Amino acid sequence: MLQDQKRKKKKKSNSKNNNPLQNYARYSNIVIQMLAVIFAGYFIGLKLDQFFQRTDYLLTAIFIVIAVIVSMVTVIRSIRKK
């Protein structure tokens, strides 16, 4: 009786953590989200540089750095949530 309960617990824990398709979808979603945030930072910075007629693209660089930091924080939070 106890062995059956242990087997059921093992099956449940394995099915939650070891589903490769679910893990693939989860990590793919994280990558897409990171790329979207970084692209948004690039686009906002580029448009601001064009609006203020800057030729050194300083705002683009600043917004890309901010976007990378935001995306890394988002990744860390989503990995911890698991």
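Refer to the preceding data block for the structure.
## A short note on the overall build of the protein
Move 1: Summing up its helical and strand segments, the protein has three helices and zero strands in all.
Move 2: Looking at the protein residue by residue over its 82 residues, the buried ones come to 12%.
Move 3: Looking at the protein alone, contacts between residues at least 24 apart form 47% of all its contacts between residues at least 6 apart.
Move 4: Put simply, the protein shows about 7,200 Å² of open surface, and 65% of that area lies on carbon and sulfur atoms.

## Focus: the packing of helix α2 (residues 20-51) against helix α3 (residues 58-81)
Move 1: With their axes 7 Å apart at the nearest point, α2 and α3 run at an angle of 160 degrees to one another. One element, α2, and the other, α3, form an angle in the roughly antiparallel class. When you trace α2 past α3, the crossing you get is right-handed.
Move 2: Its residues assigned to classes, the contact of α2 with α3 shows 18 nonpolar, seven polar and two charged.

## Examining the packing of aromatic side chains
To describe a pair of aromatic rings, one takes the distance between the centres and the angle between the planes.
Move 1: Inspection of every chain in the model, using the stated rule, returns three aromatic pairs.
Move 2: With centroids separated by 6.3 Å and ring planes inclined at 25 degrees, the aromatic side chains of F39 and F43 adopt a geometry described as stacked. One end of the pair, F39, and the other, F43, are both in helix α2, four residues apart, so they sit about a helical turn from each other.
Move 3: Its relative accessible area of 41% is what places F43 among the partly exposed residues.

## A look at a nonpolar patch on the surface
Move 1: Nonpolar side chains collect at one region of the surface, where L58, I62, I66 and V70 lie side by side and expose about 310 Å² of accessible area between them.
Move 2: Tracing the chain through its elements places I62 in helix α3.
Move 3: In this structure I62 comes out as partly exposed when scored by relative accessible area, which is 36%.

## Here we look at α2
The α-helix advances 3.6 residues per turn, and as a result positions three or four apart in sequence lie on the same side.
Move 1: Along its 32 residues, α2 runs 46 Å from first to last C-alpha, staying within 8% of the 46 Å computed at 1.5 Å per residue.
Move 2: Following α2 by one or two positions, Q53 adopts a phi angle in the positive range, close to 55 degrees.

## Comments concerning α3
Move 1: Relative to the 34 Å expected for 24 residues at 1.5 Å per residue, α3 spans 35 Å between its end C-alpha atoms, a close match to the ideal helical length.
Move 2: In this fold, the buried residues of α3 make contact with α2.

## Things to note about the side chain of S71
Move 1: If you trace the backbone, S71 turns up in helix α3.
Move 2: Once residues lying within four places of it in the same chain are set aside, the contact partners of S71 are M34, V37 and I38.

## Here we look at the pattern of salt bridges
Move 1: A complete count under the given rule lists two salt bridges for this structure.
Move 2: A salt bridge links D56 to R54; the nearest nitrogen and oxygen atoms lie 2.9 Å apart.
Move 3: Judged by its relative accessible area of 32%, R54 falls in the partly exposed class.
Move 4: Sharing partners across several salt bridges, the network here consists of D49, R54 and D56.

Here is what the cut-offs are and how they apply
- Here the residue numbering is sequential within each chain, running from 1 through the sequence in written order.
- Two thresholds apply to this predicted model, a pLDDT of at least 70 for residue-level local features and 80 or more for giving and counting side-chain atom pairs, whereas whole-chain, interface and lining totals are computed over all residues.
- Hydrogens and waters are ignored; side-chain quantities use all the structure's heavy atoms.
- Put simply, DSSP marks the helices as runs of H or I at least four residues long and the strands as runs of E at least two long, and each gets a number from the N terminus on.
- Burial status follows relative accessibility: with a 1.4 Å probe on protein chains alone, a residue under 20% of its type maximum counts as buried, one over 50% as exposed, and anything between as partly exposed.
- The contact rule is simple, with two residues in contact once any of their heavy atoms fall within 4.5 Å.
- Where accessible areas are quoted, they stem from the Shrake-Rupley method and a 1.4 Å probe; at the residue level, only the protein chains shown are allowed to cover.
- Axis definition: a line fit to C-alpha positions, over the contact stretch in the case of helices; interaxial angles, taken between N-to-C directions, run 0 to 180 degrees.
- Just so you know how the angles are binned, under 35 degrees is roughly parallel, over 145 roughly antiparallel, 65 to 115 roughly perpendicular, and the rest oblique.
- Left-handed describes a crossing in which the near helix is turned anticlockwise from the far one by less than a right angle; the clockwise case is right-handed.
- Amino acid classes used here: Ala, Val, Leu, Ile, Met, Phe, Trp, Tyr, Cys and Pro are nonpolar; Asp, Glu, Lys and Arg are charged; the rest, including Gly, are polar.
- Stacked, tilted and edge-to-face pairs are distinguished by plane angle, under 30 degrees for stacked and over 60 for edge-to-face with tilted covering the rest, among Phe, Tyr and Trp rings (Trp via its six-membered ring) whose centres lie within 6.5 Å.
- Residues enter a patch when their relative accessible area is above 30% and they make no salt bridge; the linking distance is 9 Å between like charges and 5 Å between nonpolar side chains (Val, Leu, Ile, Met, Phe, Trp, Tyr).
- Every case where a carboxyl oxygen of Asp or Glu lies within 4 Å of a side-chain nitrogen of Lys or Arg is listed as a salt bridge.
- Expected helix span is taken as 1.5 Å per residue step, with the number of steps being one fewer than the number of residues.

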